[in-house]
Amino acid sequence: MSQARQLYRAIKRHIIGSINRRRDVASVFEMIYRKNRWGGKAGDFFSGGGTGNEAIAAQYIAAIERLADLEGFRGMKFLDLGCGDFRIGSRLVPLAGHYTAADIVAPLIAHHQTHYHGPPVDFQVVDMIDGPLPDADVCFIRQVFQHLSNSQIAKVLPKLEKFRWVIITEHLPSNEHSAVPNLDKVHGTDIRLMRNSRVYLHLPPFSLPQSQLTTVLEVPGHGFDGGIAEPGVIRTLLYRPQSGV
Ligand SMILES: C[S@@+](CC[C@H](N)C(=O)[O-])C[C@H]1O[C@@H](n2cnc3c(N)ncnc32)[C@H](O)[C@@H]1O
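For the structure given in this document, a descriptive report is provided here.

Some remarks on the overall build of the chain
Thinking step 1. For the chain, the helix and strand inventory stands at seven helices and nine strands.
Thinking step 2. Computed over the C-alpha atoms, the radius of gyration of the chain is 17 Å, within 12% of the 18 Å expected from 2.2 N^0.38 for a compact globule of 245 residues.
Thinking step 3. Over its C-alpha atoms, taken along the principal directions, the chain stretches across nearly 50 × 45 × 35 Å.
Thinking step 4. Per-residue burial for the chain yields a buried fraction of 50% across its 245 residues.
Thinking step 5. Of all intrachain contacts in the chain linking residues separated by at least 6 positions in sequence, the fraction that spans at least 24 positions is 64%.
Thinking step 6. When the accessible surface of the chain is totalled, it reaches about 11500 Å², and 54% of it is carbon and sulfur.

Re the site of the ligand
Thinking step 1. As a matter of local geometry, the ligand sits amid 22 residues, with Tyr33, Thr51, Gly82, Asp103 and Arg142 nearest to it.
Thinking step 2. Residue Tyr33 places a side-chain N or O atom 2.5 Å away from an oxygen atom belonging to the ligand.
Thinking step 3. A distance of 2.5 Å separates an oxygen atom of the ligand from a polar atom in the side chain of Thr51.
Thinking step 4. At three residues, the largest contribution of residues to the shell around the ligand is made by helix H2 (residues 25–34).

As for the nonpolar core
Thinking step 1. The biggest cluster of nonpolar side chains holds 37 residues, and the ones touching the most others in it are Leu81, Met128, Ile141, Phe145, Leu160 and Leu201.
Thinking step 2. Counting residues per element, the ones that place at least two in this core are H2, strand S1 (77–81), strand S4 (138–142), helix H7 (150–156), strand S5 (165–172) and strand S9 (233–239).
Thinking step 3. Here the element with the most residues in this core is H2; it accounts for five residues.
Thinking step 4. Ile64, Ile88, Val93 and Leu95 belong to the second-largest nonpolar core, a separate cluster that totals 31 residues.

A few points about helix H1 (residues 3–21)
Thinking step 1. For H1, which comprises 19 residues, the first-to-last C-alpha distance of 27 Å matches the rise-based estimate of 27 Å (1.5 Å per residue) to within 8%.
Thinking step 2. Where H1 is buried, its residues meet H2.

Calculation notes
Residues numbered from 1 in each chain as written. Predicted model: local features only at pLDDT ≥ 70, side-chain atom pairs only at ≥ 80, totals over all residues. Heavy atoms only, no water. Helix = DSSP H or I, 4+ residues; strand = E, 2+ residues; numbered from the N terminus. Rg over C-alpha atoms; globule rule 2.2 N^0.38 Å. Buried < 20%, exposed > 50% of the residue type's maximum accessible area, 1.4 Å probe, protein only. Contact = heavy atoms within 4.5 Å. Areas by Shrake-Rupley, 256 points an atom, 1.4 Å probe, with all protein chains shown as cover. Near = heavy atom within 4 Å. Polar contact = N/O pair within 3.5 Å; in protein donor to acceptor, adjacent residues only side chain to side chain. Core = buried A, V, L, I, M, F, W, Y, C linked by side-chain atoms within 4.5 Å. Expected span 1.5 Å × (residues − 1).

The structure is reproduced here in structure tokens:
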């Protein structure tokens, strides 16, 4: 991408960030879906390339199936926080004894309540930042933190301590060594990768014990509309908050 184009994109991100800073999280993500900012057809709910790309989705589902057997959580209570369009979550439902799918966008949850026709799922409007989290054994947070600010992520982390297993997926730059950890951002469509940064949960301001974090899967990322050249990698971590440090 030319330098002029990079500058144009950076200015655009800055302007959108200034607008989003003044808007609450629910209305920003509701607008993202209403205006199809992550793609999809007008009127559809679409959560972006990390969801819609079958190679990425299939490897994720297979990895969670393996992990469920390894860790022994098949048939337990699952909570999918920031479930989005539910293309991924709906494929995890058969592994669970009880499945709660939660998102902050009320029209998205209402859509799932009327259009989803698989095995039973409890769809709930939940704000993981400022609200309480439903109970579960296993909690999935897939490609959500990457869209939130550091202080918003920091508010969620202590609430995760009640789960035995937390499975967190993030889209990161390919070159980990040159990436700047935990650059702050305003909640919205974009992710830190676009500024060569990423969420490192074991580093400040989060500082989760590294001994409680294990990499489960890493797959090549997808491209972005509008010419971000870096496809990045999509990494899934298992966080065991209740294991000894
Ligand atoms: C990129 S989508 C990921 C969707 C899904 N997890 C997946 O991997 O396909 C991020 C989702 O997080 C949701 N989200 C953002 N902030 C949230 C919050 N505070 N509480 C609950 N959901 C939130 C958004 O509405 C959006 O649906």
